[in-house]
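Chain residues, written in single-letter form:
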Amino acid sequence: MKAVEANFDGLVGPTHNYAGLSYGNLASSVHRASPSNPKAAALQGLEKMQALADLGLVQGVLAPQERPDLYTLRRLGFYGSDAEILAQAAKQAPRLLANCCSASSMWSANAATVSPSADTEDGRVHLTPANLISKLHRSIEADTTGRILQATFRGEQFVHHQVLPPSELLGDEGAANHSRLCRDYADPGIELFVYGRSAFDPERPAPQRFPARQTLEASAAIVRKHRLPPQRVLLVQQNPAVIDQGVFHNDVIAVTNRNLLFCHAQAFLDQARVISRLDDALEGRLRLIQVETEEVSVADAVASYLFNSQLLSVAEGTLGESTLLVVPTECRDNPRVWTCLQRLQREDSGIDRVQVFDLRQSMANGGGPACLRLRVVLTAAELAAVNPHTLLTPLLYRRLRAWVDKHYRDRLQEADLADPQLLQESRQALDELTQILQLGAIYPFQR
Ligand code: SUG
């Protein structure tokens, strides 16, 4: 049976702002307190989604979360009316308020880990929302993410797991540290889990400067939950030295599609061995594009997000298929990265074409094309069970554009986060969105 790789992008929420919340993510720190443009951010994301849908790819939409998160603010001891809570928090603990206002669920690569039915012992699609415990503003996403995933992937073909327990021993950042290699999407694949440190083995190398968000123990738990047979799994360690240079997720330095791995030479610890194990697991069929440090430094990779790109198989009519690399404008703006991309297209590298997108609003918080999407491999029957209102069509695209135009502001700064009007605007927008996407009552304010 044929299968497709669908991309589900996180729609940028109405409170998108730059609060410098993610230590270890250089763009987030650099842009702290810059004014943001939520409307432009949401439209940039929608442009990319529609462009990929126009190429014939299956493109889905994941709804944003309710922010400001009054529920969490109450848990933190603020009380009274919504407006009183926002005012108290702004006065007494503005950093907590900022944490409760982030639109960070837009980076849906961190929403969950997804294992396709071809890989799992019970032949069903397994999904586990990520606990994201490394950052407070992200740790409050998991419950609503779980509800959004259940409202999107419906039916008995999908197994929705509980999030891992919220402990730093079990830090889980979802698909940003998980890739899959295969021949055809429908074939059983090799699932590559990349962890940043081991919680229980202090002998193992770990970064010295910035946190490693994903633990080996979390990845191993996902393998068990998803019923992945051992021969389908590779657990490998990210190079701690690059985490210390701003590679806070593996998808900032490596990306896969089918049997192709596109990565930097410093992506993994003991990289030559990782590559040879992968090639063995794929019975000698691994295709590798490894970019050397002399051509693109780690600093250039982090600044441009060259590897946070989407590697996509695009149907070319009777000609078969070509491989497209979707990159952010920052790659074109960096002469060394752009020269590398020209070379890869000229040579028979495995990347046929490059398409550039303006995602600057998301990029300024450290989120590139690959961060914005959750890949879900689906058979025809599974695709038919997906909530059809979440799949992008030209009509849905136009509706979502109009919805953004109607509800979103074009400028937001920290002082605006306590504005009770912003809360009202945001809730009204999300209420309307749940109707457009037919998600039911997924938000705390609707329950
Ligand atoms: O978790 N940035 C996100 C970016 C996530 C990127 N995702 C992937 N690589 N898959 C993060 O660090 C910044 C928010 C702020 O500072 O306002 C933020 O959360």
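Further up the page is the structure itself.
We now turn to the structure provided with this report.

1. A short note on the sheet that holds strand β10 (residues 260-264)
An order of β9-β10-β11 is seen for the 3 strands of this open sheet, with the pairing classed as mixed. Only two strands of the sheet have a single neighbouring strand rather than two, namely β9 (254-257) and β11 (287-291). Neighbour-to-neighbour, the strand axes of the sheet open up by a mean angle of 10 degrees, direction not taken into account. Sheet analysis places β10 next to β11, joined by 5 bridges and oriented parallel. The partner of Cys263 across the bridge, within β11, is Gln290. Strands in contact with helix α10 (residues 271-281) are β10 and β11; relative to β10, the strand with the most contacts, it is inclined by about 175 degrees.

2. As for the environment of Ser134
Assignment of secondary structure puts Ser134 in the loop between β4 (125-129) and α6 (136-139). When the C-alpha atoms of Ser134 and Val377 are compared, they prove to be 27 Å apart, with 243 residues separating the residues in sequence. Among residues more than four places away in sequence, those in contact with Ser134 are Glu173 and Arg213.

3. A word on the site of the ligand
Leu21, Ser22, Ser28, His137 and Asp251 are the nearest of the 22 residues found near the ligand. Taking 490 Å² as the accessible area of the ligand by itself, protein coverage stands at 100%.

4. Section: the packing of helix α2 (residues 38-54) against helix α16 (residues 394-407)
Interhelical geometry of α2 versus α16 gives an angle of 175 degrees and a closest axis separation of 10 Å. Our classification of the angle between α2 and α16 gives roughly antiparallel. Counting all contacts with α2, which are made through Lys39, Ala42, Leu43, Leu46, Glu47 and Gln50, the residues of α16 involved are Pro394, Tyr397, Leu400, Arg401, Val404 and Asp405. When grouped by side-chain class, the residues that make up the contact of α2 with α16 number 7 nonpolar, 1 polar and 4 charged.

5. Structural notes on the packing of aromatic side chains
Within this structure, the stated rule accounts for 6 aromatic pairs. Pairing Phe8 with Phe153 gives two aromatic rings, centres 4.8 Å apart and planes at 65 degrees, and the pair type is edge-to-face. Within this pair, whereas Phe8 is found in strand β1 (residues 3-10), its partner Phe153 is found in the loop between α7 (142-152) and β5 (158-160), the two being separated by 145 residues in sequence. Residue classification places Phe153 among the buried positions, given a relative accessible area of 1%. Taking 5.3 Å as the distance between ring centres and 65 degrees as the angle between the ring planes, the aromatic pair formed by Trp403 and Tyr408 counts as edge-to-face. With respect to class, Trp403 is no different from Tyr408; both count as buried. Among the aromatic side chains, those forming a connected cluster through ring pairs are Phe8, Phe153 and Phe158. One residue, Arg258, lies across the ring of Tyr185, its end atom 4.3 Å from the ring centre.

6. Observations concerning the pattern of salt bridges
The full count for this structure, using the stated rule, is 23 salt bridges. For Glu141, the salt bridge is made with Arg138, and the minimal N-O distance between the two is 2.9 Å. For Glu141, a relative accessible area of 2% gives the class buried. A relative accessible area of 4% means that Arg138 is categorised as buried. Between Asp184 and Arg258 there is a salt bridge whose closest N-O contact spans 3.3 Å. Residue Asp184 is found in the loop between β6 (178-181) and β7 (190-195), and its partner Arg258 is found in the loop between β9 and β10; the two are separated by 74 residues along the sequence. Relative accessible area serves as the criterion here: at 29%, Asp184 is assigned to the partly exposed category. What makes Arg258 buried here is its relative accessible area of 13%.

7. A word on the nonpolar core
Note that soluble globular proteins tend to have their nonpolar side chains buried in a common cluster. One finds Phe8, Leu261, Phe268, Leu374, Leu400, Trp403 and Leu433 to be the most contacted residues of the largest nonpolar core, which totals 85 residues. Top contributing element to this core by residue count: α2, with 8 residues. Setting aside residues no more than four positions away along its own chain, Leu400 makes contact with Leu11, Leu46, Val61, Leu392, Leu433 and Ile436. Counting residues in each nonpolar core, the second largest holds 19 residues, with Ala301, Leu306, Leu311 and Leu344 among its members.

8. A look at the packing of α16 against helix α17 (residues 420-436)
Direction vectors running N to C along α16 and α17 enclose 165 degrees, while the axes themselves pass 10 Å from each other. Between α16 and α17, the interaxial angle falls into the category roughly antiparallel. When the axes of α16 and α17 are compared, the crossing they make is right-handed. Mapping the contact onto sequence places Leu396, Arg399, Leu400, Trp403, Lys406 and His407 in α16 and Glu425, Gln428, Ala429, Leu430, Glu432, Leu433 and Ile436 in α17. Classifying every residue of the contact of α16 with α17 by side-chain character gives 7 nonpolar, 2 polar and 4 charged.

9. Overview of α7
Since the α-helix packs 3.6 residues into each turn, any two residues three or four apart lie on the same face. Counting buried positions along α7 yields 8 of 11 residues, so the element is predominantly enclosed. For α7, every residue scored as buried is listed here: Ala142, Thr144, Thr145, Gly146, Ile148, Leu149, Ala151 and Thr152.

10. Side note on the state of the cysteines
In this structure the tally under the stated criterion is 0 disulfides. Left unpaired, Cys100 is separated from the closest cysteine sulfur, that of Cys101, by 6.7 Å. Just so you know, Cys263 is unpaired, no disulfide at all, and the nearest cysteine sulfur is the one on Cys340, 12 Å from it.

11. Overview of the sheet that holds strand β3 (residues 112-115)
The 3 strands are arranged β3-β4-β5 in an open sheet whose pairing can be described as mixed. With one partner strand each, in any of the chains shown, β3 and β5 form the two edges of the open sheet. The mean inter-strand angle of the sheet, taken between neighbouring strand axes irrespective of direction, is 15 degrees. In this structure, β4 lies alongside β5, joined through 3 bridges in parallel fashion. By the bridge assignment, His126 is partnered in β5 with Val159. Against the sheet, α7 makes contact with β3, β4 and β5, and its axis sits at roughly 155 degrees relative to β4, the strand it touches most.

About the criteria used
Residues numbered from 1 in each chain as written. Predicted model: local features only at pLDDT ≥ 70, side-chain atom pairs only at ≥ 80, totals over all residues. Heavy atoms only, no water. Pairing = 2+ DSSP bridges. Helix = DSSP H or I, 4+ residues; strand = E, 2+ residues; numbered from the N terminus. Axes fitted to C-alpha atoms, helices over the stretch in contact; angles between N-to-C directions. Contact = heavy atoms within 4.5 Å. Near = heavy atom within 4 Å. Areas by Shrake-Rupley, 256 points an atom, 1.4 Å probe, with all protein chains shown as cover. Parallel < 35°, antiparallel > 145°, perpendicular 65-115°, else oblique. Nonpolar A, V, L, I, M, F, W, Y, C, P; charged D, E, K, R; others polar. Phe/Tyr/Trp six-rings, centres within 6.5 Å; stacked < 30°, edge-to-face > 60°. Buried < 20%, exposed > 50% of the residue type's maximum accessible area, 1.4 Å probe, protein only. Lys NZ or Arg CZ within 6 Å of the ring centre and 35° of its normal. Salt bridge = Lys/Arg side-chain N within 4 Å of Asp/Glu carboxyl O. Core = buried A, V, L, I, M, F, W, Y, C linked by side-chain atoms within 4.5 Å. Left-handed = near helix turned anticlockwise from the far one by under 90°. Disulfide = S-S within 2.5 Å.

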